[in-house]
Amino acid sequence: MLDIRMIERGLEKPGKTKGGLATAMGVRPGAVSEILSGLRLIKASEIAAIIDYLELNSVPIMGRVGAGAAIEPEHEQVPPEGLGEVQLPFPISEETIAFEVAGDSMLPKYENGDVIVVYREQRHPLASFYGEEAAVRLKTGERYLKTIERGKSPSLVNLTSFNAKPINGVKLEWIGEICVTLPRGQIERLRAKATARTRKAAKTHAGRAQEQ
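From a predicted model like this one, the values you see are computed outputs, not experimental measurements.

Cut-off values and rules
- Going along each chain's sequence as written, the residues are numbered from 1 onward.
- Only residues with pLDDT of at least 70 get local features here, since the model is predicted, and only at 80 or more are side-chain atom pairs given and counted; chain-wide, interface and lining totals rely on the full set of residues.
- Side-chain calculation: all heavy atoms of the structure are included, whereas hydrogens and water are not.
- Only DSSP runs of H or I reaching four residues or more are called helices, and only runs of E reaching two or more are called strands; each is numbered from the N terminus.
- To sort residues, take the accessible area from a 1.4 Å probe on protein chains only and compare it with the maximum for the residue type: under 20% means buried, over 50% means exposed, and anything in between is partly exposed.
- Any pair of residues with heavy atoms lying within 4.5 Å of one another is described as a contacting pair.
- Note on areas: Shrake-Rupley with a 1.4 Å probe; residue coverage comes only from the protein chains shown.
- Two aromatic rings from Phe, Tyr or Trp, using only the six-membered ring of Trp, form a pair when their centres are within 6.5 Å; if the ring planes differ by under 30 degrees the pair is stacked, by over 60 it is edge-to-face, and anything between is tilted.
- Counting as a charge over the ring demands two things of the Lys NZ or Arg CZ atom: a distance within 6 Å of the ring centre and an angle within 35 degrees of the ring normal.
- Note on terminology: a nonpolar core comprises buried Ala, Val, Leu, Ile, Met, Phe, Trp, Tyr and Cys residues joined through side-chain atoms within 4.5 Å.
- Each pair of strands is called paired provided DSSP finds at least two bridges between the two strands.

*Asks:* What is the right way to read the overall build of the protein from this model?
*Replies:* Secondary structure assignment for the protein yields 5 helices and 9 strands. The order of helices and strands in the protein, counted from the N terminus, is α-α-α-α-β-β-β-β-β-β-β-β-β-α. The buried share of the protein, reckoned over its 212 residues, is 40%. In the protein, of all internal contacts separated by at least 6 residues, the share reaching a separation of at least 24 is 63%. Total accessible area on the protein stands at roughly 12,000 Å², and carbon and sulfur atoms take up 52% of it.

Spelled out as structure tokens, the structure:
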């Protein structure tokens with residue numbers, strides 16, 4: 001569901017402006033301000049243009065998460081902006097980031113090359129994640145995709161997998177709650193669709209420029 005807060009968040013991104021959004025929507029400049037102030041409703045025909053321009057369905061892939069392999073961020077060759085982006089088939093209302101799954105210890109649920117989208121900030125206390133799969137970062141820096149189990153003390157957890165030995169008695173620095181899982185095949189189809197859409201938009205823009 002597209003709401004005002006999502007549009008405001010999108011306009012905070014570098015290079016995104018009310019004027020640019022109005023152009024993308026094909027409306028007069030003041031219409032965007034009217035939408036943000038609640039004086040005008042968003043038309044169904046405008047939703048796709050808003051999502052595309054503000055990239056509300058784009059999530060940065062910030063690295064890999066180990067499902068069998070231990071990912072050590074300090075040794076990971078990932079640029080600051082991440083490994084690229086994944087285009088979701090719907091807008092995301094919260095601040096999220098994505099990780100590519102590396103390894104096969106979580107088969108059959110997660111395969112090597114799948115992408116998980118997680119909330120950027122940990123939103124709940126540790127105890128609420130017991131028995132749940134999540135992306136985690138240990139106090140020692142390693143990053144995993146594991147099931148979190150209660151440890152011997154309130155500050156310790158055991159990390160279990162479907163196809164690997166458990167990692168017992170570790171402390172977590174961060175828990176990335178999973179909100180979307182994208183199989184590798186679906187990601188490839190979404191990227192192909194996004195590429196086709198970009199090419200079509202560029203062709204349309206070029207045609208308009210020639211008319212002028």
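That shown, we press on.
*Asks:* Is there a simple way to think about the packing of aromatic side chains in this case?
*Replies:* Two aromatic rings, taken as a pair, are described by how far apart their centres are and by the angle between their planes. Considering all chains together, one arrives at 1 aromatic pair under this definition. Above the face of the tyrosine 53 ring, lysine 16 is positioned so that its terminal group lies 4.6 Å from the ring centre. A cation over a ring is seen here: arginine 123 above tyrosine 119, with NZ or CZ 3.7 Å from the ring centre.

*Asks:* Explanation requested: the nonpolar core in the structure shown.
*Replies:* Across soluble globular proteins, you tend to see nonpolar side chains buried next to one another. The biggest cluster of nonpolar side chains holds 15 residues, and the ones touching the most others in it are Ile7, Leu21, Ile50, Leu54 and Leu56. Elements that contribute at least two residues to this core include exactly α1 (4-11), α2 (18-25), α3 (30-36) and α4 (47-54). Those residues in contact with leucine 21 that lie beyond four places of it in its chain are Ile7, Leu11, Val32, Ile50, Tyr53 and Leu54.

*Asks:* Would you mind going over the pairing of strand β8 (residues 167-170) with me for this structure?
*Replies:* Each regular strand shows side chains that alternate between the opposite faces of the sheet. Relative to β8, strand β7 (residues 157-160) runs antiparallel, the two being bridged by 2 bridges. Within β8, the position partnered with valine 157 by the bridge is valine 170. Counting the residues between successive antiparallel strands, the hairpin from β7 to β8 contains 6 residues.

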